[in-house]
Each structure stands twice: as structure tokens, then as C-alpha cells.
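Architecture at a glance
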Amino acid sequence: MTTIGYICEELQPEDLTQELKNQIMLALTNNISKDDGQMEACRLAIKALHHAIPYTTANFKEPQERDFIMNKIIDEALGSSNVNIRETAMMCLVEIARQEYEHMGTYIAKLSQLTAHVAKNDASEVGSQGIEFWTTLAEVEISRLEKQGQILNIIDQCKDFLIQLLLECISNVQIEDEDEAEEEWGVNLASGCCLVKISLLLKSQVLGPVVQFVQANIMATEWKQKYAALMALGAVADGPDK
């Protein structure tokens, strides 16, 4: 499976026949399991799958195959007790959001619950990838609109849930001393970056909840609340209509 990952990383999808791509997908997905007894095989398989996402275009056009791949990632890999497997599984979903955007509508309800869960409850490296999933969707929609392309309006449809999630995660400041130079990358900073993107996309629609959040925290005695308020305010500085 490590070899498959290297092959997918070094070659291009057009270098392989569809039959061979299908065999690769089957070999990898058959080894993705939340069973602790298969943890090492799963770790290798999900890592290779991350490199193999560009080879899945034809599979994603078939609903049954698409569901099979998504369920393997969501139900099996993200159900693993191993944090590295869960992080890589979320990285796969980020790449799928970028490559297979047009198919995301089918899964968005389940992925909303999933990303909220990992952002609030999982390890920082997993949670930050959960937020990166939404950042990627926003970037895809911004890019398509700039090219006069069609979008599914996923961010707009999910805006109430998403803005509240991001503001809650922005409040989760990880630095312990306000004099520290900078915060390490994690859910908090990932959420700030995501809010920047959805602000550019949604414009003034983000103002209401963000202003309410800033007003509730900017004068707090706890410095972390002030820090979060300033981060949220800075994130929407360029998005809303002038």
C-alpha cells in the first residue's frame, strides 16, 4: 500500500488505465477499517488514499462507488482510535471537497455534524482539518464565481451553522500567556482563516453574528475573550460590503 501511495504521488491520473485505477481504489478501501486489529493496514491505506484522490474522478461519477469511498473514510477511518488515521481521513475529505465539489451536496448534512464534532472534541490536528474542509469549499465557490461558474451555494446554505461553529472555535484560544509571540496552528487559527474566506463569499451576511460576538467579548476581563473578539473582527475586515 505504501508503494501504491508512491505511485499515485509520482504519476498522473492519465498515466493509468481506468481498470488499474479501480484496482487501486479497491485495494486501498478494502484495508480501511476502524478495527484496532487492522490499524497498521488502515494507516497505510488511508495515507495512500490521500495521494490517490486525483485518480477517483470516474468512481465519484458512480453513486454506489462514491458512497462506498465516502463511507469508508467517514465511518471507518474517522472511527479509528488512531489520531494519525483520523487526521489523514479528514485530509482526504478536504481533497475530495476540492476535486469533487459538485458531489458534496449529497453528504453535506453528515459532514456538517462530523466536522463540528472533530473541531470541538478531537485532537487539534484532526479538528483543524475539519475546519479546513469548509475553507476549501469556500475557496472553490469563490474561484467558480470569479470565473462565472455555477456553485451549489453550500456555504450560504450552511452559513448559520458554520458561522456559529467558527466563532465557538475561535474562542478556543490555545496560547496560555498573552505575551506569547504567536499561537501554534490549530482549530482556533484554522477557524479564523475559514471565517476570512466565508466573509469574502457571503459579504455582509456574516456581520450580524460576528458583531454580536465581538460586542460580547471585546470588553471582557479575560484576555482570551478579547483575543478571540479581535481575531473575529479582523477576519471579516475585508469581506462585508463597504
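Conventions and cut-offs
- Starting afresh in each chain, residues are numbered from 1 along the sequence in its written order.
- It should be noted that, the model being predicted, local features are given only for residues of pLDDT at least 70 and side-chain atom pairs only at 80 or more, the latter also being counted only at that level, while totals for whole chains, interfaces and linings use all residues.
- Just so you know, side-chain values use all the structure's heavy atoms and leave hydrogens and water out.
- Where helices and strands are cited, they refer to DSSP runs of H or I of at least four residues and of E of at least two residues respectively, numbered from the N terminus.
- Atoms counted for the radius of gyration: C-alpha only. Globule rule: 2.2 Å times the number of residues to the power 0.38.
- Burial here depends on accessible area, computed with a 1.4 Å probe over protein chains only, as a share of the maximum for the residue type. Under 20% is buried, over 50% is exposed, and the range in between is partly exposed.
- Residues are treated as being in contact if the distance between any of their heavy atoms lies within 4.5 Å.
- Method for areas: the Shrake-Rupley scheme with a 1.4 Å probe, in which residue coverage is limited to the protein chains shown.
- For helices, the axis comes from a line fit to the C-alpha atoms of the stretch in contact; other axes are also lines fit to C-alpha atoms, and the angle between any two N-to-C directions lies between 0 and 180 degrees.
- These descriptions rest on fixed angle ranges, namely under 35 degrees for roughly parallel, over 145 for roughly antiparallel, 65 to 115 for roughly perpendicular, and the rest for oblique.
- Left-handed describes a crossing in which the near helix is turned anticlockwise from the far one by less than a right angle; the clockwise case is right-handed.
- Asp, Glu, Lys and Arg are counted as charged, while Ala, Val, Leu, Ile, Met, Phe, Trp, Tyr, Cys and Pro are counted as nonpolar; the rest, among them Gly, fall into the polar class.
- Throughout this description, the term salt bridge denotes a Lys or Arg side-chain nitrogen within 4 Å of a carboxyl oxygen of Asp or Glu.
- Only buried residues count toward a nonpolar core. Its members are Ala, Val, Leu, Ile, Met, Phe, Trp, Tyr and Cys residues joined through side-chain atoms within 4.5 Å.
- The length a helix should cover is 1.5 Å for every residue beyond the first.
- Any N or O atom pair separated by 3.5 Å or less is treated as a polar contact, with the protein-specific requirement of one donor-capable and one acceptor-capable atom, and with residues adjacent in sequence counted only for side-chain atom pairs.

**With respect to the overall build of the protein**
Summing up its helical and strand segments, the protein has 13 helices and zero strands in all. For the protein, the sequential pattern of α-helices and β-strands runs α-α-α-α-α-α-α-α-α-α-α-α-α. Over its C-alpha trace the protein gives a radius of gyration of 19 Å, about what one expects of a compact globule, namely 18 Å for 242 residues. Summarising its shape, the C-alpha atoms of the protein cover approximately 60 × 45 × 30 Å along the three principal directions. Taking all 242 residues of the protein together, the buried fraction comes to 48%. Across the protein, the fraction of contacts at a sequence separation of at least 24, relative to all contacts at a separation of at least 6, is 71%. Per element, the accessible surface of the protein, about 12,100 Å² overall, is 49% carbon and sulfur.

**Structural notes on the packing of helix α11 (residues 187-202) against helix α13 (residues 223-235)**
Where α11 contacts α13, the two axes come as close as 8 Å, and the packing angle between them is 30°. In terms of orientation, α11 lies roughly parallel with respect to α13. Taken as a pair, α11 and α13 cross one another with a handedness that is right-handed. Residue-level contacts link Asn188, Leu189, Gly192, Leu195, Val196 and Ser199 of α11 to Tyr227, Met231, Ala232 and Ala235 of α13. When grouped by side-chain class, the residues that make up the contact of α11 with α13 number seven nonpolar, three polar and no charged.

**Comments concerning the pattern of salt bridges**
One side chain can pair with another of opposite charge once the charged atoms of both are near each other. Overall, the coordinates contain eight salt bridges when judged by the stated rule. With its nearest N and O atoms 4.0 Å apart, the salt bridge here joins Glu139 to Lys197. One end of the pair, Glu139, is in helix α8 (residues 124-146); the other, Lys197, is in helix α11, with 58 residues separating them in the sequence. Owing to a relative accessible area of 27%, Lys197 belongs among the partly exposed residues under this scheme. Put simply, Lys159 and Asp156 hold a salt bridge, and the shortest N to O gap is 3.4 Å. When its relative accessible area of 28% is taken as the criterion, Asp156 is described as partly exposed.

**Remarks on the nonpolar core**
Judged by nonpolar contacts, the single largest core of 79 residues is most densely connected at Leu49, Leu93, Met104, Phe133, Trp134, Leu137 and Leu195. When near neighbours in sequence (up to four residues on either side) are disregarded, Leu93 contacts Met70, Ile73, Ile74, Leu78, Leu111, Leu114 and Phe133.

**Details of helix α3 (residues 39-52)**
Compared with the 20 Å implied by 1.5 Å per residue over 14 residues, the 19 Å span of α3 between its first and last C-alpha is a close match. All of the buried residues along α3 are Cys42, Ala45, Ile46, Ala48, Leu49, His50 and Ala52. Against the buried residues of α3 lie α1 (2-10), α2 (18-29), α5 (63-76) and α6 (83-99).

**Overview of the environment of Cys158**
Along the chain, Cys158 falls in the loop between α9 (154-157) and α10 (159-170). Once you skip the residues sitting within four places of it in the chain, Cys158 turns out to touch Ile108, Ser112 and Trp134.

**A few points about α10**
Here α10 spans 16 Å end to end across twelve residues, near enough to the 16 Å set by a 1.5 Å rise per residue. When we look at burial in α10, the residues that qualify are Leu162, Ile163, Leu165, Leu166, Leu167, Cys169 and Ile170.

**Some remarks on the side chain of Ser128**
Tracing the backbone through its elements, the reader meets Ser128 in helix α8. Since its relative accessible area comes to 5%, Ser128 is described here as buried. Reaching out from Ser128, the side chain makes a polar contact with the backbone oxygen of Glu125 at a distance of 3.2 Å. Look past the residues within four positions of Ser128 in its chain and what remains in contact with it is Trp185, Gly186, Val187 and Ala190.

**Comments concerning the packing of α3 against α6**
Closest axis-to-axis distance for the α3/α6 pair is 9 Å, and the angle between their directions is 25°. It follows that α3 is roughly parallel to α6 by the angle criterion. When the axes of α3 and α6 are compared, the crossing they make is left-handed. Each of Met39, Cys42, Arg43, Ile46, Lys47, Leu49 and His50 in α3 lies in contact with α6, whose residues at this interface are Ile85, Thr88, Ala89, Met91, Cys92 and Glu95.

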